[in-house]
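Fold and geometry: a report
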Amino acid sequence: MAEASVTEGARSRDISDVHDAAGQVLTRSEAVTPTGGATATEQQFYYYFNGRRVASVGALDHQALNYADTAAGWIDGGFSSWPCCLHALLGYSARMRSATITRTTGETDIAVTVNLDGSGEYAVSTGIGFLDHMIEQLSRHSLIDIDCKVDGDLHVDQHHTTEDSAIAIGEAVAKALGDKAGIRRYGSAYSPMDETLSRVALDISGRPYLVWNSDFTQERLGEMDTELFKHWFHSFAGSAGITLHVETLYGENNHHIIESIFKGLARALRDAVEIDPRKGGAIPSTKGTLG
Ligand SMILES: [Mn+2]
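A brief report on the enclosed structure follows.

A few words now on the pairing of strand β7 (residues 98–104). Here seven bridges tie β7 to strand β8 (residues 108–115), and the two strands are oriented antiparallel to one another. Directly across from R103, in β8, lies its bridge partner I110. The antiparallel pairing of β7 with β8 creates a hairpin that spans three residues between the two strands.

Sheet architecture is open: four strands sit in the order β11-β12-β16-β13, paired in mixed fashion. Of all strands in the sheet, those with a lone pairing partner are β11 (186–193) and β13 (209–213), marking the two edges. Neighbouring strand axes in the sheet, compared pairwise and without regard to direction, differ in orientation by 10° on average. As paired elements, β11 and strand β12 (residues 196–203) share eight bridges and run antiparallel to each other. Residue pairing in the sheet places A189 in a bridge with V200 of β12. Sheet contacts for helix α4 (residues 227–240): β13 and β16 (243–250); angle to β13, the most-contacted strand, approximately 160°. Here helix α5 (residues 254–273) sits on the sheet in contact with β11, β12 and β16, set at roughly 150° to β11.

Rules and cut-offs
Residues numbered from 1 in each chain as written. Predicted model: local features only at pLDDT ≥ 70, side-chain atom pairs only at ≥ 80, totals over all residues. Pairing = 2+ DSSP bridges. Helix = DSSP H or I, 4+ residues; strand = E, 2+ residues; numbered from the N terminus. Axes fitted to C-alpha atoms, helices over the stretch in contact; angles between N-to-C directions. Contact = placed C-beta atoms within 7 Å.

In structure tokens form, the structure reads like this:
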């Protein structure tokens, strides 16, 4: 529970409906200028999270936060509304939406960590250079941090390594999303790359489904079999619980085609996993649950 500790004469109260998943409560303290005749313009609200001052707000202007303290340091302004600030606080300071998946089978030894509230930092090592390149694009353009280490049975072929990287990343995304409260849920992107245009649309529905309308004219890119790309997306949709539609509208260069698809997935996913401050933490379904 956060403790308020502001200037003398301050009043404080808990805003009990504002809390993170661990039940930690955000506290608001209302500091009124102690010399008589305080007017609204002299009021300042300070927000504390776990005893640390995270924001100050002028009484007449709740839409303009003066600053917020996040793990990244003090941020001046930059938030258009209190919900946006709160999202930043809960996202960066208290409730990073991250998850780790590890599993060892006879085919692969895999460790994946994702952070949905990241900045697109990655460390990817699957043993398949082209697949690394694609997962790195996914991270960079979704702003989801992805650590993905796979030690797979590449002496057999690339199938298990490709499939298990997708399953583990999908599982990690699903785990990091938790009950999916407050997320935008839907995302889509048109993704051009030179002569190629791909479209990716997805719904974090809890109902895995893949529609795939993309073809390749080469058997391999680098050392990677192009038939595995559809399988990667099928496996990812399945483990993440995502309805995923992929279509290349036109394109010739096989490298451009698959790279535009991964970048399209990244942009669509970035939108869909984002917290929508207008939803106030609600599950985005009239059913009340997503999968
Ligand atoms: Mn490339």
